[in-house]
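# Structural characterization, general
Now for the letters of each chain:
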Amino acid sequence: MKVYSLIHLSEANGEIEDDEFKCAKCLGEWSVKNIGDRVVNYCPFCGKKILDNIIKNEDNCVYVGETIGNGDYDYDRYKFQLDIAQAYLSNNRIEEALEQYRQVANLGHIPAYSMVADIYYKKKNYKKAWKWYTKAAEEGDSIGQYYVGCFYWEGIHVQKSIYHALEYYEKAAEQGLPQAIMAIADCYNDGIGYDIDKQKALEYYKCAADMGYVEAQYRLGIYFHNGENGNKDVVQAAYWYKKAYLQGRDGAKLKLDKCIKEMTLAQRLKWNTQKV
C-alpha cells in the first residue's frame, strides 16, 4: 500500500492522477511523477509540514489519517477536502470553498451540511441556507438545529415562530451547544417563550460560560456587575470579564478595568488571589 504524507490529490474516482497535490495552507499545487512509495513531508512552496497520510484502501478509496502503531490508520476520508475548503475560505475564494464543502456534504458527511449552509447564508441565499441547515438538523446536527432555531426566531425565509425557535434551541442545547444554551438563558432572563426565571437564566449562562463560550462569559460579567436579581459582586464580574477579555471579546477590558476601580480594599485582596 502506498502512503503519501500529503494533504490533497486530484480526484478521479478516488484514484491518484499524475500524483498531483495541493497544500491546505498556501494552496500551492505541484506534481510529482513516479513518486512510488517515497514520502514527501513538506510543501515545496511554504514549507508546511504535512502530518496526515493519504492512503488507498483495498477498495481503492482515498482516505486521510494519522499513522497509529504498526501501520494501522485512523481513517478520516473527508479531512483533506475540508482542509482545502478552509484554506479557500481563508483566501476569500468563496465559490471554491463552497464547492469543496458541497462535495463532502454530498458524500453524506453531516457536519459539512452546516458548512455549506453557512456560506449560502453569508451570500444571503437564505433559501439554500435553510435547505442545508434543515438537512443538518434532521440528521441531529446541533449546529443545524441551532440555526434552524435562529431562522424561526428572526423569521428568515420562514414564518417567525418563537415556539419552533425554542424547540430547536432546546434540541441543540441538549447536545451541549453553548450558543443554544445561551439563547435559552436569554429567554428565561427576558421571559420570552418561558416564564421569567432569573435563577434558571443564571444557571444556563453559567453552563455556557463554563464551556468557554465568550458571549456567556461577558454576559455573566454584566450580570454580576449590574447586580441583576440581587447578585451584585464586582469580583465575580471581574472574573468573567477577564475570561472574556482573554478570548478577545470587544469591550471586556474596559469593563474589567471599571470593576477593579470599583472594588473595596477587601475585594481587591480577594481579586488578587482569584485564579482566572
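Residues numbered from 1 in each chain as written. Predicted model: local features only at pLDDT ≥ 70, side-chain atom pairs only at ≥ 80, totals over all residues. Heavy atoms only, no water.

### Section: the overall build of the chain
Where we set the bar: Where helices and strands are cited, they refer to DSSP runs of H or I of at least four residues and of E of at least two residues respectively, numbered from the N terminus. Exposure classes here rest on a 1.4 Å probe applied to the protein chains alone. A residue is buried below 20% of its type maximum, exposed above 50%, and partly exposed in between. By definition in these notes, contact holds between two residues if any of their heavy atoms fall within 4.5 Å.
Within the chain, the secondary structure is distributed over twelve helices and six strands. Buried residues in the chain amount to 43% of all 276 residues. Of the contacts formed within the chain by residues at least 6 apart in sequence, a portion of 42% connects residues at least 24 apart.

### A look at helix 4 (residues 126-138)
This is how the line gets drawn: What a helix is expected to span follows from its residue count: subtract one and scale by 1.5 Å.
In this model helix 4 runs 18 Å from its N-terminal to its C-terminal C-alpha over 13 residues, within 8% of the 18 Å that 1.5 Å per residue would give. Looking at helix 4, one finds that the buried residues are Ala129, Trp130, Trp132, Tyr133, Thr134, Ala136 and Ala137. Looking one or two residues beyond helix 4, the residue adopting positive phi is Gly140, at roughly 85°.

### A look at helix 11 (residues 252-262)
Put simply, the test is: This arc corresponds to the set of directions leading from the helix axis out to the C-beta atoms.
The complete set of buried residues in helix 11 reads Ala252, Leu256 and Cys259. End-on, the buried residues of helix 11 take up no more than an arc of 60°, which puts them together on one face. Among the exposed residues of helix 11, those pointing more than 90 degrees away from its buried face are Leu254 and Lys261. Taken together, the buried residues of helix 11 touch helix 9 (214-226), helix 10 (234-246) and helix 12 (265-272).

### Observations concerning the layout of surface pockets
Cut-off, in case you're wondering: Two kinds of site are reported from a 1 Å grid over the protein atoms alone, namely cavities, where a 1.4 Å probe fits but cannot get out, and pockets, open sets with protein on both sides within 12 Å along at least five of seven lines, and residues are called lining when an atom falls within 4 Å of a point. Grid points are joined across faces, edges and corners, and a volume is the space filled by probe spheres set on the points. In this classification, the charged set is Asp, Glu, Lys and Arg, the nonpolar set is Ala, Val, Leu, Ile, Met, Phe, Trp, Tyr, Cys and Pro, and all remaining amino acids, among them Gly, are polar.
Taken as a whole, the second largest pocket spans an internal volume of roughly 180 Å³. Along the walls of the second largest pocket sit Tyr146, Cys150, Trp153, Tyr169, Gln179, Met182, Ala183, Asp186, Cys187, Asp190, Ile192 and Tyr213, which together make up its complete lining. Of all elements in the fold, only helix 5 (142-154) and helix 7 (178-190) reach the threshold of two or more residues within the lining of the second largest pocket. Residue contributions to the lining of the second largest pocket peak at six residues, all from helix 7. When the residues that make up the lining of the second largest pocket are grouped by side-chain class, the tally is nine nonpolar, one polar and two charged.

### With respect to the packing of aromatic side chains
The test is simple: The criterion for an aromatic pair is that two Phe, Tyr or Trp rings (for Trp, the six-membered ring) have centres within 6.5 Å, with stacked assigned to planes under 30 degrees apart, edge-to-face to planes over 60 apart and tilted to the rest.
Counting across every chain of the model gives 16 aromatic pairs. Between the aromatic rings of Trp130 and Tyr152, the centroid separation amounts to 5.5 Å while the plane-to-plane angle is 90°, which identifies the pairing as edge-to-face. Here Trp130 is found in helix 4, whereas its partner Tyr152 is found in helix 5, with 22 residues between them in sequence. Summarising the burial analysis for this pair, Trp130 and Tyr152 share the class buried. Judged by centre distance (5.0 Å) and plane angle (75°), the ring pair of Tyr146 and Tyr147 falls under edge-to-face. Overall, the relative accessible area of 14% leaves Tyr146 in the buried class. Here Tyr147 falls in the partly exposed class, since its relative accessible area comes to 28%. Aromatic rings pair up to connect Tyr121, Tyr126, Trp130, Tyr133, Tyr146, Tyr147, Phe151, Tyr152, Trp153, Tyr168 and Tyr169 into one cluster.

### A word on the packing of helix 11 against helix 12
The criterion, for reference: A fitted line through C-alpha atoms represents every axis, and for helices the fit uses only the stretch in contact; the resulting angles, taken between N-to-C directions, go from 0 to 180 degrees. Orientation labels follow simple angle bins: below 35 degrees gives roughly parallel, above 145 gives roughly antiparallel, 65 to 115 gives roughly perpendicular, and whatever is left gives oblique.
Look at helix 11 against helix 12: their axes get within 8 Å of each other, and the N-to-C directions meet at 130°. Between helix 11 and helix 12, the crossing angle belongs to the class labelled oblique. For the pair helix 11 and helix 12, contact is made by Leu256, Ile260, Lys261 and Glu262 and by Gln267, Arg268 and Trp271, respectively. Here the residues of the contact of helix 11 with helix 12 are counted per class, giving three nonpolar, one polar and three charged.

### Concerning the confidence of the model for the chain
Keep in mind that low pLDDT regions are not for reading the predicted coordinates in detail. The cut-off we apply is this: Known as pLDDT, the predictor's per-residue confidence is scaled from 0 to 100.
With 72% of its residues at a pLDDT of 70 or more, the chain has an overall mean of 81. In this model residues 33-40 is a low-confidence stretch, pLDDT under 50, and it forms 16 contacts with partners more than four residues away in sequence or in other chains. Within the model, the stretch residues 51-75 combines pLDDT values under 50 with 69 contacts to residues more than four positions away or in other chains.

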